Amino acid sequence: MRILLVEDEPTASRFIAKGLREARHAVDIASDGTGAAEQCQQNDYDAVILDVMLPGKDGLTVCRELRAAGSDVPVLMLTARDAVEARVEGLDAGADDYLTKPFDFRELLARVRALTRRDRRPLAPERFEVRHLAIDVAGQRVWTHGREVALTSREYALLEYLARHAGEVVGRAAIAEHVWDEHYDAFSNVVDVYVQRLRRKLDGPDEASLIRTRRGQGYQLI
């Protein structure tokens, strides 16, 4: 998933972003409320992790503005305030969930997964199977013909995104929007390169590819 992390404390921001990327998410970072609002207008995020205490425009204001603009992106709010009133204020501002600092990073990941399950499109099932391919979504493991295949973080993220849209034709722009972060070069052929890498790892020499090219449209996991 592509996630926007809004956190003004550099150490916390680096720690959270590193953990999210290790969990194979694409992560954009904003350090203040104004920048977060601008990035949400420009990009389609699967989730936003939003700190309450931000310089300038605080997290509550950002969340209210997102909802007022019609955005239904899932928002997980982070705060050092543990009072019930603070949690109520965050939820009333439009946040979907609330996590108090300090927290165990495993809980943050679990809450992000729970938020996206409530979103417009459910995640892929715990185990996704098509022909000779099997994907363990929770464990982020992949098998072909019963043999486990080692994938890089980006290869796995691309394959899971295609699996979540199995049977649909997915354009390169949509893939880049959800699998890569803000540093993606729209003029590069990196999506095509990663699709070819997946094909080499997943398809047998005499088999039709699981990933079909739709010329001028994108790719389709069949």
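**Here's the deal with the pairing of strand E4 (residues 75–79)**
Across the 5 residues that make up E4, a large majority, 5, are buried. What you see with E4 is no split at all: Val-75, Met-77 and Thr-79 on one side and Leu-76 and Leu-78 on the other are buried throughout. Pairing geometry for strand E3 (residues 47–51) and E4, over 4 bridges, is parallel. The partner of Val-48 across the bridge, within E4, is Val-75. Each parallel crossover has a hand, and the one from E3 via helix H3 (residues 59–68) to E4 is right-handed. Bridge analysis of E4 against strand E5 (residues 97–100) gives 4 bridges, and the strand direction is parallel. Considered in E5, the bridge of Thr-79 is made with Thr-100.

**Some details on helix H2 (residues 33–42)**
Within H2, the full set of buried residues consists of Gly-33, Gly-35, Ala-36, Ala-37, Gln-39 and Cys-40. Buried residues belonging to H2 abut strand E1 (2–6), strand E2 (26–30), E3 and H3. Regarding H2, its N-cap is Asp-32, as a side-chain oxygen of that residue lies 3.2 Å from the backbone nitrogen of Thr-34 further along.

**Observations regarding the sheet that holds E2**
Reading across the sheet, the 5 strands line up as E2-E1-E3-E4-E5 and stay open at both edges, with parallel pairing between neighbours. For this open sheet the edge positions go to E2 and E5, each flanked by a neighbour on one side alone. With direction set aside, neighbouring strand axes in the sheet form an average angle of 20°. Where E1 meets E3, 4 bridges bridge the pair, whose relative direction is parallel. Across the sheet, residue Leu-4 finds its bridge partner in E3, namely Val-48. Sitting on the sheet, helix H1 (residues 10–22) is in contact with E1, E2, E3 and E4, with an inclination near 165° to E2.

Calculation rules
- Residues numbered from 1 in each chain as written.
- Predicted model: local features only at pLDDT ≥ 70, side-chain atom pairs only at ≥ 80, totals over all residues.
- Heavy atoms only, no water.
- Buried < 20%, exposed > 50% of the residue type's maximum accessible area, 1.4 Å probe, protein only.
- Helix = DSSP H or I, 4+ residues; strand = E, 2+ residues; numbered from the N terminus.
- Pairing = 2+ DSSP bridges.
- Right-handed = clockwise from strand over helix to strand, strands pointing away.
- Contact = heavy atoms within 4.5 Å.
- Polar contact = N/O pair within 3.5 Å; in protein donor to acceptor, adjacent residues only side chain to side chain.
- Axes fitted to C-alpha atoms, helices over the stretch in contact; angles between N-to-C directions.

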